[in-house]
Amino acid sequence: QVDLVESGGGLVQAGDSLTLSCTTSSGRSLSRDAMGWFRQAPGKEREFVASSNRIGGNVYSTNYAESVKGRFSISRHNAKNTLFLEMNSLKTEDTAVYYCAASSSRLGEASHDVEYWGQGTQVTVSS
């Protein structure tokens, strides 16, 4: 059982930056897992944002949705057992509930790949 907890959401203006964090209270080391971020806007399906799949050691491959490529960055601080999503140049269309996600195997762009979800944190971008 993995208990993922997100933090860092809030209300910002378009063009601002915001960093989300994700950790766990389950005792599981997140460095062992494929990790990612998904988001769900009102009235829309939950969609892929970014992923971080471990290749070996502290080397990870990353992938981003086209809509956030060049603006968002996913990273890990393994010593703190924390996953981050740095969001820059935020747009109103980035408004959504953002969910941390984990998988014991690999994590692609499909939500059904996810084994464990956080509770979500609201990000609202105003114009």
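No experiment lies behind these values; they were computed from the predicted model shown.

Q: Sorry, what's going on with the overall build of the protein chain here?
A: Along the backbone of the protein chain there are zero helices and 11 strands. Starting at the N terminus, the α and β elements of the protein chain follow one another as β-β-β-β-β-β-β-β-β-β-β. Scaling as 2.2 N^0.38, a compact globule of 127 residues should have a C-alpha radius of gyration of about 14 Å, and the protein chain matches this with 14 Å. Here the C-alpha coordinates of the protein chain stretch approximately 40 × 25 × 25 Å along the principal axes. The proportion of buried residues among the 127 residues of the protein chain is 43%. Averaged over its 12 positive side-chain charges, the protein chain has a centre that lies 6 Å from the centre of its 13 negative ones.

Q: Explanation requested: the nonpolar core in the structure shown.
A: In globular proteins that are soluble, nonpolar side chains generally tend to be buried together. Judged by nonpolar contacts, the single largest core of 33 residues is most densely connected at Trp-37, Leu-85, Met-87 and Tyr-98. Counting residues per element, this core draws most heavily on strand β9 (residues 96–103), at five residues. In this structure, Leu-85 is in contact with Leu-18, Thr-19, Leu-20, Trp-37, Val-49, Ala-50, Phe-72, Ser-73, Ile-74 and Tyr-98, ignoring residues within four places of it in sequence.

Q: Looking at this structure, I do not really get the state of the cysteines. What am I missing?
A: Counted according to the given criterion, the structure contains one disulfide. Sulfur-sulfur distance for the disulfide between Cys-22 and Cys-100 comes to 2.0 Å. A torsion of -80° about the S-S bond marks the disulfide between Cys-22 and Cys-100 as left-handed. You can see Cys-22 sitting in strand β3 (residues 18–24) and its partner Cys-100 sitting in strand β9, a full 78 residues away along the chain.

Conventions adopted
Residues numbered from 1 in each chain as written. Predicted model: local features only at pLDDT ≥ 70, side-chain atom pairs only at ≥ 80, totals over all residues. Heavy atoms only, no water. Helix = DSSP H or I, 4+ residues; strand = E, 2+ residues; numbered from the N terminus. Rg over C-alpha atoms; globule rule 2.2 N^0.38 Å. Buried < 20%, exposed > 50% of the residue type's maximum accessible area, 1.4 Å probe, protein only. Lys, Arg positive; Asp, Glu negative; His and termini not counted. Charge placed at Lys NZ, Arg CZ, Asp CG, Glu CD. Core = buried A, V, L, I, M, F, W, Y, C linked by side-chain atoms within 4.5 Å. Contact = heavy atoms within 4.5 Å. Disulfide = S-S within 2.5 Å.

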